[in-house]
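Close look at the chain arrangement
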Amino acid sequence: MKIEARLLVGVALFFLVTGVGYWFWSYEQSGTVMLIGAVLLGLVPGSYYLWWSQRMTPRPEDRDDGTLAEGAGVIGAFPGSSIWPFVMGMGLFSCALAAVFGLWLLAPGFAAVFAAAIGYTVESRRGGTI
Amino acid sequence: MTLLQHRPPAGASEHPEHVEHHDEPTFVVKWLTSTDHKVIGINYMVTALVMFYLSGFMALLLRVQLSSPSGIGMSLQTYNELFTMHGSLMLYLFAGPFAFGGLANYIVPMQVGAPDMAFPRLNAFSYWLYLTGSITMLLGFLTSTGAAAFGWVAYAPLSTSAYSPGPGADLWIISLFLTGFSAVFTGVNLVATIFYLRAPGMTMWRLPIFTWNMLVTALLILIAFPVLTAAMVFLWTDRHLGTHIYSVAGGGVPVLYQNLFWFFGHPEVYILALPYFGVATEIIPVFSRKPVFGYKGLVFATISIAALSTGVWAHHMFTTGTVLLPFFSLLSLLIAVPTGVKFFNWIGTMWRGQISFKTPMLFCVGFLLAFLMGGLTGVMLASPPIDFATHDTYFVVAHFHQVLFGTTVFAGFAGLYFWYPKMFGRMLHDGLGKAHFWTMFVGFWLTYLPQYVLGLHGMPRRVATYPPGLGWASLNMASTVGAFMIGLSFLIMLVNLWVSWRNPVPAGDNPWDGHGLEWFASSPPVHHNFEKLPPIRSERPTWDYNHPDARTIAHGHGAADRELVGAGARGASGTGDSTTDA
């Protein structure tokens with residue numbers, strides 16, 4: 001986890017240096033704002049990973065000598081198949097088209113998004129459809 | 001119900017009780033409901049290829065119009081729509097999604113030894129956003145005012161409601177909104193998969209280079225795409241809600257659009273390129289029968305390219321006169337350094353290897369040549385004096401087509417030829433593949449070399465006609481002939497796919513003697529990918545498993561053994577001559 005943390009903190013440090021340099025060289029606002037945004041993108045997860053990587057024992061996948069036996073067991077939950085991503089996608093599609101063809105498309109759009117949100121939740125509690 | 005995925009112990013395939021048996025849905029239901037990264041990956045690739053063929057067809061129409069000074073009578077509006085949609089489809093809907101939606105979705109979980117992506121349902125959702133975004137963009141052709149016609153960059157104020165009225169432009173904007181979210185979700189998914197779902201022993205320094213490149217690409221996506229989405233939201237509010245973010249009349253700043261767009265747009269070029277660098281880096285070692293040369297150098301080069309690429313956005317805006325020329329010129333020139341490192345490593349990997357020029361390797365060599373040419377002209381354009389002279393001419397058109405065609409098409413289809421046996425368990429015909437390559441290769445140079453000359457003679461981009469008597473006609477005709485050769489080559493690929501579908505040649509699990517974990521799975525892989533895993537002790541675990549006696553040592557394992565790195569896996573006997581079976 002240490003390398004992952006360094007990668008993200010490295011993103012933050014790089015953009016900090018670039019952003020500060022860019023500001024004092026150009027005094028151009030939009031570019032500086034975007035570069036500082038990228039600092040936050042690296043800093044927020046990166047500092048969490050860094051904090052956490054100091055406190056955890058290295059996982060089997062962090063060690064050169066990690067063996068498959070160490071990693072045996074539950075990895076996580078992987079839903080087999082689900083219709084709800086499709087429903088949510090169509091809902092967002094409808095909402096997006098509402099911006100072009102008329103606000104009435106928001107109604108079916110929101111209906112599909114809410115249905116999908118409920119569907120996702122119920123499905124997670126049940127543990128997948130297959 | 002498959003709620004929990006257990007990682008099987010090594011060598012457990014003889015006892016497959018851990019393999020869940022599903023009532024797998026088929027056809028439409030499978031397409032609609034699958035959350036399997038392999039199905040979604042193939043969905044992405046098929047959709048992206050449809051976009052590629054559509055967009056390529058538009059390019060041929062454009063080339064026909066340009067083949068003679070007065071053209072074939074295409075209306076200017078149609079011409080503008082076609083080049084806008086050609087660029088938009090290629091860049092937003094083919095090149096990116098084919099890599100980080102298609103290939104990465106399929107290959108990355110397998111290369112890290114994971115049963116699926118970290119968030120399978122989010123993954124499926126990403127695909128639906130991508131598909132609906134693609135449909136949204138194409139819907140513009142069905143509206144009465146036609147599709148968007150302001151170029152793939154949609155500069156304000158040209159893209160504002162005064163100059164681009166009608167729903168076609170709005171559909172284009174909304175389409176980028178949808179596909180932008182799709183890309184961001186895929187980026188999050190890839191980062192989480194690579195950080196959390198690696199198999200034991202698969203440390204970050206053993207990740208295959210393709211996976212490394214996808215990780216860096218995912219971070220670039222997270223940096224760049226939100227800015228594009230913001231730019232599009234502003235553009236939409238300017239068009240419909242009466243804001244004046246980009247209009248001078250209301251106190252706005254048109255150049256802000258260019259800053260926002262290119263802050264996305266230049267990293268986007270590397271979002272398109274880095275995955276394909278990764279594809280080439282997977283293929284070249286396999287067909288050179290050597291481990292990749294300079295593994296860590298390649299990783300750091302990838303990170304450097306990505307980092308620098310975010311600091312060069314305004315080199316597209318040199319001629320606006322509002323940007324800091326030395327800063328952007330310096331960083332743009334610097335990108336040549338890590339890219340050169342990559343070239344050095346690719347050539348070093350081939351050096352004294354036992355190269356076999358199968359179709360994927362041929363495409364990779366084509367990629368090296370094409371990208372070299374595109375990259376070198378890029379270094380030229382990074383210099384403001386040259387850029388001022390060639391801005392908005394065909395020199396720039398030829399440059400970026402060589403860069404993007406070189407990466408996304410040469411390396412992209414190398415990846416398709418390379419991993420197709422894994423995806424479908426059957427081979428593509430090697431002879432037809434080579435016919436595809438050579439037709440495309442010749443067509444590629446014939447198309448774009450004349451465009452460099454045209455650009456230096458001053459032919460501007462985005463013109464539908466040009467004056468006769470300037471000597472441009474013959475060069476343009478040559479370019480058109482080349483474009484049709486490229487078109488022909490992709491018909492050959494369709495024939496190849498059809499042949500492999502009707503007369504399947506079984507591929508076996510590991511037809512190329514591959515390196516990564518994906519070659520350890522069956523072809524096509526089972527649900528949740530692996531019935532067993534080999535021990536992972538280097539960046540090429542499958543190869544290690546299949547060649548237990550080989551004398552190669554992975555990097556970072558004992559300084560005393562380092563001289564063996566890159567000595568040639570099988571060719572360590574000292575002959576050193578590369579043999580080819582082309």
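All values derive from a computational prediction rather than experimental measurement.

**Some thoughts on unusual backbone geometry**
Residue and element names in this part refer to chain B. For the bond running from Ala156 to Pro157, omega is 5°, close enough to zero to count as cis. Looking at where Pro157 falls in the secondary structure, it is placed in the loop between helix 4 (120-139) and helix 5 (167-196). Going from Ser523 to Pro524, the amide bond is cis rather than trans, its omega being -15°. For Pro524, the position within the fold is in the loop between helix 15 (473-502) and helix 16 (541-546). Phi at Arg352 is positive, roughly 60°, even though this residue is not glycine. Its place among the elements puts Arg352 in the loop between helix 10 (336-350) and helix 11 (359-381). Residue class for Arg352 comes out exposed when judged on its relative accessible area of 52%. The phi angle at Arg462 is positive, at roughly 60°, despite the residue not being glycine.

**Points about the interface of chain B and chain A**
Listed by partner, the interface residues are 72 residues for chain B and 61 residues for chain A. Between chain B and chain A the total buried area reaches about 6000 Å² when both faces are included, carbon and sulfur atoms providing 74% of it. At the surface where chain B touches chain A, the tally comes to 4 salt bridges. A salt bridge links Asp62 of chain A to Arg198 of chain B; the shortest N-O distance between them is 3.1 Å. Remark: the boundary between chain B and chain A carries 13 residue pairs in polar contact (both at pLDDT 80 or more).

**A short note on the domain arrangement of chain A**
Here chain A is described as being made up of domain 1 (2-60) and domain 2 (84-126). Taking only C-alpha atoms, the centre of domain 1 of chain A and the centre of domain 2 of chain A are 35 Å apart.

**Focus on the packing of aromatic side chains**
Residue and element names in this part refer to chain B. Enumeration over the complete set of coordinates arrives at 82 aromatic pairs over all chains. On the numbers, 4.6 Å between centres and 40° between planes, the contact of Phe52 with Phe94 is tilted. Of the two residues, Phe52 sits in helix 2 (residues 37-66) while Phe94 sits in helix 3 (residues 76-111), which places them 42 residues apart along the sequence. The two residues Phe52 and Phe94 agree in class, both being buried. Between Trp438 and Phe441, the ring centres sit 5.8 Å apart and the planes meet at 85°, which makes this aromatic pair edge-to-face.

**So, the environment of Ser159 of chain B**
Residues and elements named next belong to chain B. With respect to the secondary-structure elements, Ser159 resides in the loop between helix 4 and helix 5. With 76 residues separating them along the chain, Ser159 and Leu235 place their C-alpha atoms 7.9 Å apart. Excluding residues that lie within four positions of it along the chain, Ser159 makes contacts with Phe150, Ala154, Ser164, Leu235 and Arg239. Only 2.9 Å separates the side chain of Ser159 from the backbone oxygen of Ala154, close enough to count as a polar contact. At 3.4 Å, the side chain of Ser159 and the backbone nitrogen of Ala156 are in polar contact.

**Some points on the packing of helix 7 (residues 254-288) of chain B against helix 10 of chain B**
Residue and element names in this part refer to chain B. Remark: helix 7 packs on helix 10, axes separated minimally by 8 Å, with the N-to-C direction vectors making an angle of 20°. The angle between helix 7 and helix 10 falls in the class roughly parallel. Along this stretch, helix 7 crosses helix 10, giving a crossing that reads as left-handed. Contact residues: Phe277, Ala280, Thr281, Ile284, Pro285 and Ser288 in helix 7; Lys342, Trp346, Thr349 and Met350 in helix 10. Considering only residue class, the contact of helix 7 with helix 10 consists of 6 nonpolar, 3 polar and 1 charged.

**Considerations on a nonpolar patch on the surface**
Residue and element names in this part refer to chain A. A grouping of Leu13, Leu16, Val20, Phe24, Tyr27 and Ile36 is seen on the molecular surface, where their side chains present a nonpolar patch of about 590 Å² in accessible area. Counting residues per element, the nonpolar patch draws most heavily on helix 1 (residues 2-26), which supplies 4 residues. Among the residues examined, Leu16 registers a relative accessible area of 41% and is labelled partly exposed.

Procedures and definitions
- Residues numbered from 1 in each chain as written.
- Chains lettered and ligands numbered in written order.
- Predicted model: local features only at pLDDT ≥ 70, side-chain atom pairs only at ≥ 80, totals over all residues.
- Heavy atoms only, no water.
- Helix = DSSP H or I, 4+ residues; strand = E, 2+ residues; numbered from the N terminus.
- Buried < 20%, exposed > 50% of the residue type's maximum accessible area, 1.4 Å probe, protein only.
- Contact = heavy atoms within 4.5 Å.
- Buried area = accessible area lost by both parts, 1.4 Å probe.
- Salt bridge = Lys/Arg side-chain N within 4 Å of Asp/Glu carboxyl O.
- Polar contact = N/O pair within 3.5 Å; in protein donor to acceptor, adjacent residues only side chain to side chain.
- Domains from an automatic or database assignment.
- Phe/Tyr/Trp six-rings, centres within 6.5 Å; stacked < 30°, edge-to-face > 60°.
- Axes fitted to C-alpha atoms, helices over the stretch in contact; angles between N-to-C directions.
- Parallel < 35°, antiparallel > 145°, perpendicular 65-115°, else oblique.
- Left-handed = near helix turned anticlockwise from the far one by under 90°.
- Nonpolar A, V, L, I, M, F, W, Y, C, P; charged D, E, K, R; others polar.
- Patch = residues over 30% accessible without salt bridge, like charges linked within 9 Å, V, L, I, M, F, W, Y side chains within 5 Å.
- Areas by Shrake-Rupley, 256 points an atom, 1.4 Å probe, with all protein chains shown as cover.

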